[in-house]
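Architecture at a glance
Each chain, written out:
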Amino acid sequence: MSDDLPPLRDVIRRHGIAAKKSLGQNFLLDLNLTGRIARAAGPLDGVTVVEIGPGPGGLTRALLTEGARRVIAVERDRRAIAALEEIAAHYPGRLTIVAGDALEFDPRPLLDGGPVRIVANLPYNIATALLVAWLTAEPWPPWYDRLVLMFQREVAERIVAPPGSKTYGRLSVLAGWRTQAKILFDVHPSNFVPPPKVTSSVVEFVPRARPLPCNRALLERVSEAAFGQRRKMLRQSLKALGPDPLALLASAGIEPTARAEQIPVEGFVALAQALSAPHP
Ligand code: SAM
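The structure displayed is predicted, hence computed values, not measured ones. (Residues numbered from 1 in each chain as written. Predicted model: local features only at pLDDT ≥ 70, side-chain atom pairs only at ≥ 80, totals over all residues. Heavy atoms only, no water.)

**Some details on the site of the ligand**
Test applied: We call a residue near a given molecule or strand whenever any one of its heavy atoms falls within 4 Å of it. Contacts described as polar in this section are N or O atom pairs within 3.5 Å, which, within protein, must combine one atom able to donate a hydrogen with one able to accept it, while residues neighboring in sequence count only if both atoms come from side chains. Per-residue accessibility takes into account occlusion by the displayed protein chains alone, with areas from the Shrake-Rupley method and a 1.4 Å probe. Following the grouping adopted for this structure description, the nonpolar residues are Ala, Val, Leu, Ile, Met, Phe, Trp, Tyr, Cys and Pro, the charged ones are Asp, Glu, Lys and Arg, and the polar ones are all others, Gly among them.
Neighbouring residues of the ligand: 21 residues in total, closest Leu28, Gly53, Glu75, Asp101 and Asn121. Here a nitrogen atom of the ligand and a backbone polar atom of Gly53 are 2.7 Å apart. In the complex, the protein chains occlude 99% of the 600 Å² of accessible area that the ligand would expose alone. Of the residues in the shell around the ligand, the class split is 9 nonpolar, 7 polar and 5 charged.

In structure tokens form, the structure reads like this:
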């Protein structure tokens, strides 16, 4: 589905939005692809989409043509704002542009009811920081009903990695604890302008209604200690936590000789629970 707005290449030329590496700018100009991402996040009827880094607005336009009730788009590059204002004029009342830093932006005061979804072709330099902030939202279930995000393939693999795999780590534990995450599809570098060095992947996160109960900060401490020395046995790596690691492992029902990458999310939750219990 296309709109009557000018081609993105013309928009970029007219507004002088040549991609800057420092802003993680790799633009998607192919309407088939932006449409595919928007549909992967759909159906969007009645949904408010929070988009990070709209740039010249390719994905923004797709989200609006695919029927998003409203898009709230936060963009740090001031050069892109005038281009986005043209889109806002084309879809009266449906596009809210926020000129600012996504790392400091809380969309909640701008929301006006209905489901909220975060959809973005993320700037890679801040992608993990943004994801961790969304995954550690409080209260839980969070204010959004789904995340549909583009990452570098290597980061996407770390997010969805199962226990036992080489890429399983802190991000997999956090994402697996609070959400069901899966890679929807890959995007080849040639689809971006300029092309990045690596393949990208679109990842979907559906928040779990009831994640296993545990203190998030303790879960992060446990997985940080365990994966900080991922080749060591847990009886060694968990010494960093303070209390006797053997007692912690025993109350979590985990073998002291196990290594971080063998432990499923439930095991890390059990360790966090053991850490929160009074120590003898
Ligand atoms: N959505 C556009 C697309 O798909 O063509 C652009 C995606 S590009 C990978 C990332 C976008 O994030 C750029 O427009 C960049 O200016 C913006 N950006 C980078 N850092 C940002 C930040 N801290 N806050 C908000 N936007 C940021």
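**Focus: the domain arrangement of the chain**
Formally: Where each domain starts and ends comes from a domain assignment, either automatic or drawn from a database. We call two residues contacting when some pair of their heavy atoms lies within 4.5 Å. Simply put, the buried area is the total loss of 1.4 Å probe accessible area from both parts when two parts are fitted together.
On domain assignment, one finds that the chain holds domain 1 (8-207) and domain 2 (216-276). The interface of domain 1 with domain 2 comprises 15 residues on the first partner and 15 residues on the second. Interface area for domain 1 against domain 2, summed over the two sides, is near 1,200 Å², with a carbon-plus-sulfur share of 66%. The three residues of domain 1 that bury the most area against domain 2 are Tyr168, Arg170 and Trp177, which together make up 47% of that side's buried surface.

**Describing the environment of Pro6**
This is how the line gets drawn: Each helix is a run of H or I in the DSSP string that is no shorter than four residues. Each strand is a run of E no shorter than two, and both are numbered from the N terminus.
Inspection of the secondary structure assignment puts Pro6 in the segment before α1 (8-15). Separated by 80 residues in the primary sequence, Pro6 and Glu86 place their C-alpha atoms 9.9 Å from one another. Sequence-distant contacts of Pro6, defined by excluding residues within four places in its chain, comprise Val11, Arg14 and Arg61.

**Let's talk about the sheet that holds strand β7 (residues 179-187)**
Pairing between sheet strands relies on hydrogen bonds along the backbone, with the strands arranged either parallel or antiparallel. Inclusion rule: Any two strands are treated as partners once DSSP identifies two or more bridges connecting them. To define axes, lines are fitted to C-alpha atoms, for helices over the stretch in contact only, and angles between the resulting N-to-C directions are given on a 0 to 180 degree scale.
Read from one edge to the other, the open sheet built from 7 strands follows the order β4-β3-β2-β5-β6-β9-β7, with strand pairing classed as mixed. The strands lining the two open edges of the sheet, one partner per strand, are β4 (95-99) and β7. Going across the sheet, the axis of each strand differs from the next one's by a mean of 20 degrees, ignoring polarity. In terms of strand pairing, strand β5 (residues 116-121) meets strand β6 (residues 146-152) through 5 bridges, oriented parallel. Opposite Arg117, over in β6, you have Arg146 as the bridge partner. Relative to β4, helix α4 (residues 81-90) is tilted by about 165 degrees, and along the sheet it contacts β3 (70-75) and β4.

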